[in-house]
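Inside the fold
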Amino acid sequence: AAMGDQFCMLCARSGGRHLRSVAHGQTVAHWSSLVFLLDRMHQELKKATPSLLVGDNRSVSEGSEGDHVLVAWRGELRRVLRLSEVPRAVKGVFWHRVVLPHLPSAASDRPALDAVAAMLKAARNPEPAAAALSVEASPTDCERLELVEQASHRVRAQINSSEGLRQDTLEGLNQLLGAIQELRAYALEYRSLPAVARDVLASGQNAVRNFCERPARQELARAWLRRRGLEHCASLLIAQGLLGRLHEVAAKPSCAEKVGLPRRCREALAAAAAGDALTEMHFLPRGVPTGWKRVFSRSVGMEYFMEATSSRTQWEWPTATTNEEDPPGRSVSEPAEPARPAVGAPLDGTVPYVELDLTCAPFCLLCGAGGRRHLASERHAAARRRWLERLGHLESLLPELRLAVLDAADAGGARLPATVEAWRGELLQAVAPIGSSGDGDAGGAAAGQAEQPQHDLLSRALWHCLVRPKLPSAGASLAYLEALAPSVEAMLRAGRSPEPSMLEGGF
């Protein structure tokens, strides 16, 4: 600026006093969030295969494939900036001062990984007011350096090598926040920190972000699983620390093999993750729910969250279920009960989907129709074939279910509740798959449309008349899991019983 004054492009204001203001500190927090996103992209590029890194084995100039890779990750940079809730002015400065100067051109052989590393280095350069302490330090400066080193050590002691909390609990978070506050206090008092201390402070803040964003990331991952009929596996993925890292399944499906998931779930999860090309950015929280707002903490240099109605504050990212209980098994969505006759029950030794009323008239829960003539119709025969096909799906789970008991016993009791929930949901999926359509006889568009409600009735009858009544008593113990296989065998015997009309003598 003119007269040698300092000009802040983020705030469009000049003066050394402005660089120490609260308003500038809030803007710098937005800048730090963009640096955090760029750092995540840098970590993803590190994990990418060499064929996806521009310049690792071949330069961009070698062909159209390299041009395509360059355009792809440049577009990813633009997408991350566009979706982040950062003021446009800060985004503009970040793009033109950090990204563009280090973005390789189509004729460059600079690796994408090196380019993002150069962007990070430029974005983390200190402000003029935060330059390093003089090499020829006075005795007072030496004392200050020693205090800063001690504070940096306390921050470093609370985080691990992957920028996570060493003590992964709320108590560990509070201890790290206290250490960050102490280090930030020295930065505000002395207006300067050594480069090593600045890096430690940035790592500590990243660890806080990783911990506090985890509930929101898990909620987004749950929603993604729910849309694919896999939410009953969420608790098991949480227990194994994989729910927030579903993008790793897309790159390496084998990482889900030792989680304890049923085989169908593993295959469906790997296929969906690869089909959606999941990255870590997919589950990055974008905004806070209605009724919450962000508040900047000058002592920590980060934002926390406040609920407008109660003024309650928290560091963890709020989700839509923050104030709701999350009971075990809530992810298993059961079908509605089938419509039954006013008074009725199945005959002993017959299938549970045919009930007789007080006049001994049969009522078929598969088709929602009654009468002896209906049981001899082709419509009912097609419904019974689908019933038997579903029983075949249920029977195919038995070998894997017996092995799951042994795996759960070896894993210990901590994983048992999640394993029980996963297998209960898998039994439900076997008899009432989400998003399925009528799979009976092909008979043209009209017939297909007519069979859709019958298929819904089939799922409801299977679950409420056969599976649910024979499940073990409520619980999440090893004994419950051991009782599942015998229960499924009892379901198969009952489901393959004859219909009342097939008994000798008829009605």
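Residues numbered from 1 in each chain as written. Predicted model: local features only at pLDDT ≥ 70, side-chain atom pairs only at ≥ 80, totals over all residues. Heavy atoms only, no water.

Take the overall build of the protein next. Of the regular secondary structure elements, the protein holds 16 helices and eight strands. Looking at the protein as a whole, 43% of its 507 residues are labelled buried. A separation threshold of at least 6 residues defines the contact pool for the protein, and within that pool the share at least 24 residues apart is 65%. Per element, the accessible surface of the protein, about 25,400 Å² overall, is 53% carbon and sulfur. (Helix = DSSP H or I, 4+ residues; strand = E, 2+ residues; numbered from the N terminus. Buried < 20%, exposed > 50% of the residue type's maximum accessible area, 1.4 Å probe, protein only. Contact = heavy atoms within 4.5 Å. Areas by Shrake-Rupley, 256 points an atom, 1.4 Å probe, with all protein chains shown as cover.)

What follows is about the packing of aromatic side chains. In the structure shown here, the tally under the stated rule is five aromatic pairs. Aromatic side chains Trp31 and Phe94 sit 5.1 Å apart centroid to centroid with 70° between the ring planes, which places their arrangement in the edge-to-face category. A residue pair is termed long-range when its members are at least 10 positions apart, and Trp31 in helix H1 (residues 22-47) and Phe94 in helix H3 (residues 88-99) qualify at 63 residues. The buried category is assigned to Phe94, whose relative accessible area is 2%. Above the face of the Phe36 ring, Arg209 is positioned so that its terminal group lies 5.1 Å from the ring centre. (Phe/Tyr/Trp six-rings, centres within 6.5 Å; stacked < 30°, edge-to-face > 60°. Lys NZ or Arg CZ within 6 Å of the ring centre and 35° of its normal.)

Read across the open sheet, the three strands follow the order E6-E7-E8; overall the sheet is antiparallel. For this open sheet the edge positions go to strand E6 (354-356) and strand E8 (369-370), each flanked by a neighbour on one side alone. (Pairing = 2+ DSSP bridges.)

A separate point is empty space enclosed by the protein. The tally for this structure, following the rule as stated, stands at three cavities of 30 Å³ or more. Of the pockets and cavities examined, the largest cavity occupies roughly 460 Å³. Taken together, 24 residues make up the lining of the largest cavity; nearest its centre are Ser33, Arg209, Glu213, Arg294 and Trp317. Sorting the residues of the lining of the largest cavity by element identifies H1, helix H7 (195-227) and strand E4 (302-307) as the ones contributing at least two each. For the lining of the largest cavity, the leading source of residues is H1, giving six residues. Here the residues of the lining of the largest cavity sort into 14 nonpolar, four polar and six charged. (1 Å grid on protein atoms, 1.4 Å probe; cavity = no way out; pocket = protein on both sides within 12 Å on 5 of 7 lines; lining within 4 Å. Points joined across faces, edges and corners; volume = space filled by probe spheres on them. Nonpolar A, V, L, I, M, F, W, Y, C, P; charged D, E, K, R; others polar.)

One open sheet accounts for three strands, arranged E3-E4-E5; its pairing is antiparallel. Two strands lie at the open edges of the sheet, namely strand E3 (292-297) and strand E5 (313-314), each paired on one side alone. Of the pairings in the sheet, the one linking E4 to E5 comprises two bridges and is antiparallel in character. Each residue of the ladder has a partner; that of Phe305, found in E5, is Gln314.

Turning our eyes to something else, we now look at helix H10 (residues 263-275). The end-to-end C-alpha distance of H10, which contains 13 residues, comes to 18 Å, matching closely the 18 Å that a straight helix rising 1.5 Å per residue would cover. Of the positions making up H10, those classed as buried are Cys265, Leu269, Ala270, Ala272 and Ala273. Buried residues in H10 make contact with H7, helix H8 (234-239), helix H9 (246-251) and helix H14 (416-431). Downstream of H10 by one or two residues, Ala277 has phi in the positive range, about 50°. (Expected span 1.5 Å × (residues − 1).)

In total, this model carries 16 salt bridges according to the counting rule given. With a shortest N-O distance of 2.5 Å, Glu182 and Arg154 are connected by a salt bridge. Placement of the pair is Glu182 in helix H6 (residues 170-190) and Arg154 in helix H5 (residues 139-156), with a sequence separation of 28 residues. Salt-bridge contacts for Arg402 lead to Glu489; the nearest nitrogen and oxygen are separated by 2.5 Å. Within this pair, whereas Arg402 is found in helix H13 (residues 398-411), its partner Glu489 is found in helix H16 (residues 478-495), the two being separated by 87 residues in sequence. Judged by relative accessible area, which is 29%, Glu489 ranks as partly exposed. Here the salt bridges do not stand alone but share partners, grouping Arg222, Arg226 and Glu231 into one network. (Salt bridge = Lys/Arg side-chain N within 4 Å of Asp/Glu carboxyl O.)

Soluble globular proteins tend to pack their nonpolar side chains together in the buried interior. Counting 42 residues, the largest nonpolar core has Tyr353, Leu366, Trp387, Leu394, Leu481, Leu484 and Val488 as its most contacted members. Secondary structure elements with two or more residues in this core: helix H12 (378-396), H13, H14, helix H15 (444-470) and H16. The greatest single-element share of this core, amounting to eight residues, is contributed by H16. Those residues within four positions of Tyr353 in sequence are excluded, and the remaining contacts are Phe363, Cys364, Leu365, Leu366, His380, Arg384, Trp387 and Glu499. (Core = buried A, V, L, I, M, F, W, Y, C linked by side-chain atoms within 4.5 Å.)

Regions with low pLDDT carry predicted coordinates that are not meant to be interpreted in detail. Across the protein, the average pLDDT comes to 76, with 76% of residues at 70 or higher. Counting interchain partners and residues more than four positions distant, the pLDDT-below-50 stretch residues 436-455 has 22 contacts. (pLDDT = per-residue confidence, 0-100.)

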